[in-house]
Each structure stands twice: as C-alpha cells, then as structure tokens.
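# Structural characterization, general
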Amino acid sequence: MAAVNGSDLVPQELRALVAVADTGGFSAAAGALGLTQSAVSHSVRGSERKIGAVLFERGRAGARPTPAGEKAVAHARRVLRLLDVLTTEARGAMRPDVAEGPLRIAAFRSAALHLLPPVLERLRTRHPGIEPRVRIVREVGRGAAGEVADGKADMAIATLGGSAVLPPGLVASELLVEPYALVHATGHRVPRSLPLVDWAENCGAYTRDWWAAQDWIPKATVEAEDDGAVLSLVSGGHGMAIMPALSLIGAPDSVGITDLGPGRPTRQVGYVTTPELARSSVVRALVRELRTTATEGLSLPGHGWPSTH
C-alpha cells in the first residue's frame, strides 16, 4: 500500500480510527459517531492509504487493530486530546491562573484510594473548572503509564523504575518513595514462619534484589489479584505478605505491620505524562497538588511516612 501523506489526516479521520478501535467494528463506530457505516469504512480506508499501512483486520467478528493500527490509534487519541487542550488553553490565555477542562487520570489501586482523594479535594477547591476523571488500572505490565502512552489518560500515577520500562515519548517525575513492610495477622508470634501471600505488581530492581537475598521468604503459596485481597487473606490468618506503605493506609486492626529494618525495600511512586500535556494548565495544576500532598505526607499506622524527593 503506497503512502500518500500521513500529515494530511484530519481530525474526523482520527476520530473514526479511535471509534473503530474502541467499539470493535465499523457499524458500532458509525453509531457512536452518528455516521453511516460506509462513511466510516471510507474514512478508515483513506487513512490507511495516507499512512501506507493496514490499520485494522476485518472479519466477521468485527475489526481489530493491527500492530500498525495500535500505534496509529494511540497517536490519534493523543492528537485529538491536544486539539482539545489547544482550544481550552487558548480560551484561558487571558486568565493564566485559572485551569479548566477535563483531566483524565490513571492510577493504580492504592494510589487511587489513598493519594488521590486529598489531591482531588484541593484541586476542586482551587480549580472548580477542572473535571477530573479517574480510572483505576492494575499496576502490572505496562500499568498506568501505558494508559498515557495509548492516549487514554493525560497523566498516570505509577510506579517508576519498576519491572515495566517507561513507554518511549513520555516524561516522569518522582513524587514519593514508600517502604515495604511485613504484614501479618495481629498478635502472631512468629510471622516470618507463615506462608507467603503475594500478588503481581510492578516493583523496582532494588526490591527484586532484596527479595532474592532473603532466605526466610518462601515461595508464594497464595497469589491474589490485588493488594486489597492480600490484606483480607493476611487478616484472616492465611499467611504473611510484604507490602508497600500506600497499600497499608487504613489497614484494619486485625493486620499487624512489622518494619523490615533499615535495609527494607522501597517503591518509587511518581507521575507520568506526555511532554506536550506536561505544559497544559490542568496537568500543571494537578502536579502542584500532588507534590503538596506528597510533601506533607500521609499517615500510616506504626510507621513514619517515607522521605520524598
């Protein structure tokens, strides 16, 4: 397929690409866009001709993005979002201290539960025109940062320096470093003798190295889907776990928390966004409130909050 010129793509074509990817078919995309199916098909074929690649696999079950299509759709989402930001920023140029408009946030579970609420409360008070939309994402694989790379979020609260490499083209900054602790049923005399309850989550190289060096940590006998399930199992006396501080805020009295000492592993938590959105008023406003909350610290029973940078 000979490329014409990808830069000739217009917003309507980008919206068609995103709609087909999101709905899984041309007919459903047409309904979402208020167009005919033939109009959507024609638009996508035109985009494929301009780009010079097949973007969707067509079949009886619908349409699925090809590898080229996945990249095209991710960029389409980001371009469309920048067009929205362009309009909002231009309108607000006469009021530089006022931020307004939608703000899409992706965050892993414990950050969404314990870090974001005070941040959003401050944001709502100081910038009532901002409309935050939070999506909770499992911090495995590409995690929350992947939502930004795919154009589904403006900013992610994510683990940095973990097992997943930061997608290219994004910028990140640290907010806080949280320690891990040993958690077990309250009152257990020898918690290290308990079986291990674990769950999949991105962690840094230092944490992995620390974990490998501990001969007292057995292989996990129970694996849970998220940290909430881990706490529930630990609380019920089904094992011990090693968990980061954010996951332990508000832990029930039935859960005991034991410090792992000065060599304890830590997890780096920060925000991830695109270079373009990092300069937008809504993202800058959120960053200010995130840094304020991280600097002031959050309360964790039995522990001082980790130092921030």
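Each value, and the rule that gives it
Residues numbered from 1 in each chain as written. Predicted model: local features only at pLDDT ≥ 70, side-chain atom pairs only at ≥ 80, totals over all residues. Heavy atoms only, no water. Helix = DSSP H or I, 4+ residues; strand = E, 2+ residues; numbered from the N terminus. Buried < 20%, exposed > 50% of the residue type's maximum accessible area, 1.4 Å probe, protein only. Areas by Shrake-Rupley, 256 points an atom, 1.4 Å probe, with all protein chains shown as cover. Lys, Arg positive; Asp, Glu negative; His and termini not counted. Charge placed at Lys NZ, Arg CZ, Asp CG, Glu CD. pLDDT = per-residue confidence, 0-100. Contact = heavy atoms within 4.5 Å. Core = buried A, V, L, I, M, F, W, Y, C linked by side-chain atoms within 4.5 Å. 1 Å grid on protein atoms, 1.4 Å probe; cavity = no way out; pocket = protein on both sides within 12 Å on 5 of 7 lines; lining within 4 Å. Points joined across faces, edges and corners; volume = space filled by probe spheres on them. Nonpolar A, V, L, I, M, F, W, Y, C, P; charged D, E, K, R; others polar. Patch = residues over 30% accessible without salt bridge, like charges linked within 9 Å, V, L, I, M, F, W, Y side chains within 5 Å. Salt bridge = Lys/Arg side-chain N within 4 Å of Asp/Glu carboxyl O. Pairing = 2+ DSSP bridges. Polar contact = N/O pair within 3.5 Å; in protein donor to acceptor, adjacent residues only side chain to side chain. Phe/Tyr/Trp six-rings, centres within 6.5 Å; stacked < 30°, edge-to-face > 60°. Arc of directions from axis to C-beta.

### A look at the overall build of the protein chain
Helices and strands together make up the secondary structure of the protein chain, namely 10 helices and 11 strands. Taken along its principal axes, the extent of the C-alpha atoms in the protein chain is 70 × 50 × 30 Å. Scored against the burial criterion, the 309 residues of the protein chain give a buried share of 47%. Taken as a whole, the protein chain presents about 15,100 Å² of accessible surface, with 54% of it coming from carbon and sulfur. With 33 positive and 31 negative side-chain charges, the protein chain shows a separation of 5 Å between the mean positions of the two kinds.

### Things to note about the confidence of the model for the protein chain
Do not read the fine detail of predicted coordinates wherever pLDDT is low. For the protein chain, the average pLDDT comes to 88, and 91% of its residues sit at 70 or higher. With pLDDT under 50 throughout, residues 300–309 is counted as low confidence; its partners more than four residues away or in other chains account for 29 contacts.

### Re the nonpolar core
Of all hydrophobic cores here, the largest spans 30 residues; its most connected members are Leu103, Met155, Ile157, Leu286 and Leu290. Elements with a minimum of two residues in this core: strand S3 (101–107), helix H5 (109–126), strand S5 (155–160), strand S6 (171–185), strand S11 (266–273) and helix H10 (281–296). Once you skip the residues sitting within four places of it in the chain, Met155 turns out to touch Arg104, Ile105, Ala106, Val148, Tyr271, Val272, Thr273, Val283, Leu286, Val287 and Leu290. In this structure, Leu14, Val20, Ala63 and Leu80 belong to the second largest nonpolar core, which totals 17 residues.

### Points about the layout of surface pockets
The calculated volume of the largest pocket comes to roughly 440 Å³. Glu70, Ala74, Arg142, Ala149 and Asp150 are, among the 18 residues lining the largest pocket, the residues nearest its centre. When residues of the lining of the largest pocket are assigned to their parent elements, the largest contribution, 7 residues, is made by helix H4 (residues 67–91). Residues of the lining of the largest pocket, tallied by class, amount to 9 nonpolar, 2 polar and 7 charged.

### Some words on a nonpolar patch on the surface
A cluster of nonpolar side chains, namely Val79, Leu83 and Leu86, defines an oily patch on the protein surface of about 240 Å² accessible area. Relative to the helices and strands, Val79 resides in helix H4. Accessibility expressed as a relative area gives 38% for Val79, which makes it partly exposed.

### Some points on the pairing of strand S9 (residues 241–244)
The two faces of S9 match: Ala241 and Met243 on one face and Ile242 and Pro244 on the other face are all buried. In this sheet, S9 lies alongside S6 in antiparallel orientation, the contact comprising 4 bridges. Residue Leu182 lies in a different strand from S9, and its bridge partner there is Ile242.

### With respect to the pairing of strand S2 (residues 62–65)
Sheet topology places strand S1 (residues 56–59) next to S2; 4 bridges connect them, and they run antiparallel. For Phe56, the partnering residue across the bridge sits in S2 and is Pro65. Taking the residues between adjacent antiparallel strands as the criterion, S1 and S2 are bridged by 2 residues.

### Looking at empty space enclosed by the protein
In the structure shown here, the tally under the stated rule is 1 cavity of 30 Å³ or more. Approximately 50 Å³ is the volume attributed to the largest cavity. The wall of the largest cavity is formed by Arg81, Asp84, Val85, Thr88, Glu89, Glu100, Gly101, Pro102 and Val282. It is H4 that provides the largest number of residues to the lining of the largest cavity, a total of 5 residues. For the lining of the largest cavity, the class distribution of residues is 3 nonpolar, 2 polar and 4 charged.

### Describing the side chain of Ser281
Within the secondary structure, Ser281 sits in helix H10. Of note is the side chain of Ser281, whose polar atom sits 2.6 Å from the side chain of Glu89. If near-sequence neighbours (up to four positions away) are discounted, Ser281 is found in contact with Glu89 and Ala99.

### Here's the deal with the packing of aromatic side chains
This model, assessed by the stated rule, comprises 1 aromatic pair. A ring pair is formed by Phe26 and Phe56, whose centres lie 6.3 Å apart and whose planes are at 70°; its orientation type is edge-to-face. Of this pair, Phe26 sits in helix H2 (residues 26–33) while Phe56 sits in strand S1; the two residues are 30 residues apart in sequence, bridging distant segments of the chain. Phe56 gets classed as buried once you look at its relative accessible area, which sits at 1%.

### Digging into helix H8 (residues 227–235)
Looking at H8, one finds that the buried residues are Asp227, Val230, Leu231 and Val234. Summarising the axial view, the buried residues of H8 lie within an arc of 100°, below the 170-degree limit, and thus occupy one face. Two or three places before Gly228, at the start of H8, stands the capping residue Asp226, its side-chain oxygen 2.9 Å from that residue's backbone nitrogen. Just past H8, the residue Gly237 takes up positive phi, approximately 80°.

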